[in-house]
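Chain and residue survey
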Amino acid sequence: MKIIIPGGNGQVGRLLIRAFVREGHECVVLTRRAQAGITGARAVAWDGRTLGPWAAELEGAEVVINLAGRSVDCRYHERNLTEMMDSRVTSARVLGQVIAAAKHPPRVWLQAGTATIYAHRYDAPNDEATGVISGLEPGVPALWGRSIVIAQAWENEVRTATTPHTRKVILRSAMVMSPDRGGVFSVLARLACLGVGRQGDGRQFVSWIHEHDFVAAVIFLIARGDLTGVFNLCSPHPLPNRDFMAALRVAVGRRWGLPVPDW
């Protein structure tokens, strides 16, 4: 297959590319840094906002996996929050326009989303059918609600795109754990190596998914032409933060961990 991956130069994109290349697929990454090069993939320049020569790559491609969006590994001040929103919404919008106009559009569009869209809770898991979406619940950081607003706008842009010949799948993914640099696991593992313990009271659940399971889920959703809509990609057994960090410290050989207070 020819697989187009906007924003595929990050941690998640690179692990997908490795898997696709092993299977003999052609990968094309749409990126603002096309000159940097990506092992196993052909890089094509785009700005994630406007139509351009990159649009021709989607003609006749089988799959689009949109991972574009400003990294959330940053301080949540107003400028960064605005960039998070704009980069996600505008990239999904322009992709929808190109797919709608294509003579031979991709048969499936997988859109990255986030499990952060769900409310913080202890009473039940948030599944696709009954999961609570709030951001206003007590005991969460002040900016939690902004993350959920961004996630909702991101998904709505995909839902409203007119793509009658292209199946649409939204991936509400938990944190993808792989040893690649720049990923959330490398950040948490470094904290564990430095002797960092739980964050806050440590009761909050950490939802995650192993890189091999993430790739397998994506391949499954590409193959299953009868599946559309929202899918949670996560392990079935999330851990409280204190237990997760304790397990990570054991793995890296640290016997102690200093807790990080809420503030």
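These numbers were taken from a predicted model, which means no experiment stands behind them. (Residues numbered from 1 in each chain as written. Predicted model: local features only at pLDDT ≥ 70, side-chain atom pairs only at ≥ 80, totals over all residues. Heavy atoms only, no water.)

1. Digging into the nonpolar core
- Core analysis: the biggest nonpolar cluster contains 30 residues, and Leu16, Phe20, Ile65, Leu110 and Val218 have the highest contact counts within it.
- Of all elements in the fold, only strand 1 (2–6), helix 1 (11–22), strand 2 (26–31), strand 4 (63–66), strand 5 (108–112), strand 6 (167–173), helix 5 (211–223) and strand 11 (229–233) reach the threshold of two or more residues within this core.
- Not counting chain neighbours up to four residues away, the residues in contact with isoleucine 65 comprise Ile3, Ile4, Ile5, Pro6, Leu16, Phe20, Leu110, Val218 and Ile222.
- Ile4, Ala68, Val94 and Ile99 belong to the second-largest nonpolar core, a separate cluster that totals 20 residues. (Core = buried A, V, L, I, M, F, W, Y, C linked by side-chain atoms within 4.5 Å. Buried < 20%, exposed > 50% of the residue type's maximum accessible area, 1.4 Å probe, protein only. Helix = DSSP H or I, 4+ residues; strand = E, 2+ residues; numbered from the N terminus. Contact = heavy atoms within 4.5 Å.)

2. So, the packing of helix 2 (residues 78–101) against helix 3 (residues 144–160)
- Between helix 2 and helix 3, the shortest axis-to-axis distance is 8 Å and the interhelical angle comes to 15°. With respect to helix 3, the axis of helix 2 lies roughly parallel. Note that helix 2 runs across helix 3; the crossing there is right-handed. Contact residues: helix 2 offers Glu78, Leu81, Met84, Met85, Arg88, Val89, Ala92 and Arg93, while helix 3 offers Arg146, Val149, Ile150, Ala153, Trp154, Glu157 and Val158. (Axes fitted to C-alpha atoms, helices over the stretch in contact; angles between N-to-C directions. Parallel < 35°, antiparallel > 145°, perpendicular 65-115°, else oblique. Left-handed = near helix turned anticlockwise from the far one by under 90°.)

3. Re a positive patch on the surface
- A surface patch of positive charge is lined by Arg14, Arg32, Arg33 and Arg49.
- Structurally, the position occupied by arginine 32 is in the loop between strand 2 and strand 3 (42–45).
- Residue arginine 32 is classed as exposed on the basis of its relative accessible area of 53%. (Patch = residues over 30% accessible without salt bridge, like charges linked within 9 Å, V, L, I, M, F, W, Y side chains within 5 Å. Areas by Shrake-Rupley, 256 points an atom, 1.4 Å probe, with all protein chains shown as cover. Salt bridge = Lys/Arg side-chain N within 4 Å of Asp/Glu carboxyl O. Lys, Arg positive; Asp, Glu negative; His and termini not counted. Charge placed at Lys NZ, Arg CZ, Asp CG, Glu CD.)

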